[in-house]
Every structure is written in C-alpha cells, then in structure tokens.
Amino acid sequence: MRRRERIRRADRTASLLAVILGGAGVTHFLRPRGYDRIVPDPLPPRLTTVASGVAELGIAAGLAFPATRRTSGWAAAALFAAVFPANLKMANDLLDHPRSNRVMRLVSVLRLPLQVPLVLWGLRVGRHASKP
C-alpha cells in the first residue's frame, strides 16, 4: 500500500478512535463506580478513574487535530496497554464472583484479547498520520 493511502486511512480512522475514546472518557465521569471497581488494588480507585477519563478525553481531542494526531495515536496505544491490568482484574473478579452470570464472565474474558487490536490501532494512527 502506498504511503499516501496509509496516511489517508490513518487520518480517517483517527476520527473513529477519537469518538470511541471520547465516549469512554465521558463514561468515567458519568458512571465512575464501575471503573473504580476494576482499578488494580495498589492504585487509588477514584483518582485513577478520573485520571484515565481525563487521559481518554485528552487523547480523543488530540486525535481530532492533524497537528497532534501522530502523538495522540502513540498515546492511545500506550493508554490501551496501560488499562490492560484493569481489564484483567475485571475478568478475574467476575470469574470469582458468585452472582456474575455466564455472559458477564464470557464478555469479560473475551474483552482481554481486544486490547491487542486497540494497541495496534493506536500505533498505526501514530505511525501513519499526516505530519503537521
């Protein structure tokens, strides 16, 4: 694939990634308790929830502008890698929780490998976005 086409694709998909991260960031403030529960034990739950929500909103905003898109793509990849321990904790907690149902447990476990394409998506946007 030609470089110009990769840049166009990265710029197009950056917008979708911005919407996803922006939506996730907003939910950290609308429904923080759900995020607080999955914060790994050594970290302060509410502070971590707020910080990750701010990070998601900031990265989403950065992805929306060509001048900051490359850096924001790299930041998105780092964020997706950084939240993996929270997803792991959520899956582990649901597997051990007697009131969780089969669908909840299955979704939490299937969500884990989803982090890989998300990290790769952020890397691709960071690598191929148009230079400012």
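This is a predicted model, so every value here is computed, not measured.

Thresholds applied
Residues numbered from 1 in each chain as written. Predicted model: local features only at pLDDT ≥ 70, side-chain atom pairs only at ≥ 80, totals over all residues. Heavy atoms only, no water. Helix = DSSP H or I, 4+ residues; strand = E, 2+ residues; numbered from the N terminus. Buried < 20%, exposed > 50% of the residue type's maximum accessible area, 1.4 Å probe, protein only. Core = buried A, V, L, I, M, F, W, Y, C linked by side-chain atoms within 4.5 Å. Axes fitted to C-alpha atoms, helices over the stretch in contact; angles between N-to-C directions. Parallel < 35°, antiparallel > 145°, perpendicular 65-115°, else oblique. Left-handed = near helix turned anticlockwise from the far one by under 90°. Contact = heavy atoms within 4.5 Å. Expected span 1.5 Å × (residues − 1).

Colleague: Would you mind going over the environment of Arg 6 with me for this structure?
Modeller: Looking at the element boundaries, Arg 6 is found in helix H1 (residues 3-30). Given the relative accessible area of 30%, Arg 6 is considered partly exposed. Placed 122 residues apart in sequence, Arg 6 and His 128 show a C-alpha to C-alpha distance of 6.1 Å.

Colleague: Would you explain the nonpolar core in this entry?
Modeller: If you look at the biggest cluster of nonpolar residues, it comprises 15 residues, and the most contacted ones within it are Leu 17, Leu 21, Ile 59, Leu 63, Ala 76, Phe 80 and Val 125. Contributions of two or more residues to this core are made by H1, helix H3 (45-64), helix H4 (66-82) and helix H6 (102-128).

Colleague: What exactly am I supposed to notice about the packing of H1 against H3 here?
Modeller: Angle between the axes and distance between the axes: these two values describe a pair of packed helices. The contact between H1 and H3 brings their axes to 8 Å, and the two run at 155°. With respect to H3, the axis of H1 lies roughly antiparallel. The chirality of how H1 crosses H3 is left-handed. Residue-level inspection shows Ala 14, Leu 17, Ala 18, Leu 21, Gly 22, Ala 24, Gly 25, Val 26, His 28 and Phe 29 of H1 in contact with H3, the latter providing Thr 49, Val 50, Ser 52, Gly 53, Val 54, Glu 56, Leu 57, Ile 59, Ala 60 and Leu 63.

Colleague: Can you walk me through H1 in this structure?
Modeller: Since there are 3.6 residues in each turn of an α-helix, residues three or four apart along the chain are aligned in direction. The end-to-end C-alpha separation of H1 is 40 Å, in line with the 40 Å expected for 28 residues at 1.5 Å each. The set of residues buried in H1 consists of Ile 7, Ala 10, Asp 11, Ala 14, Leu 17, Ala 18, Leu 21, Gly 22, Gly 25 and His 28.

None of this, on its own, says anything about what the molecule does.
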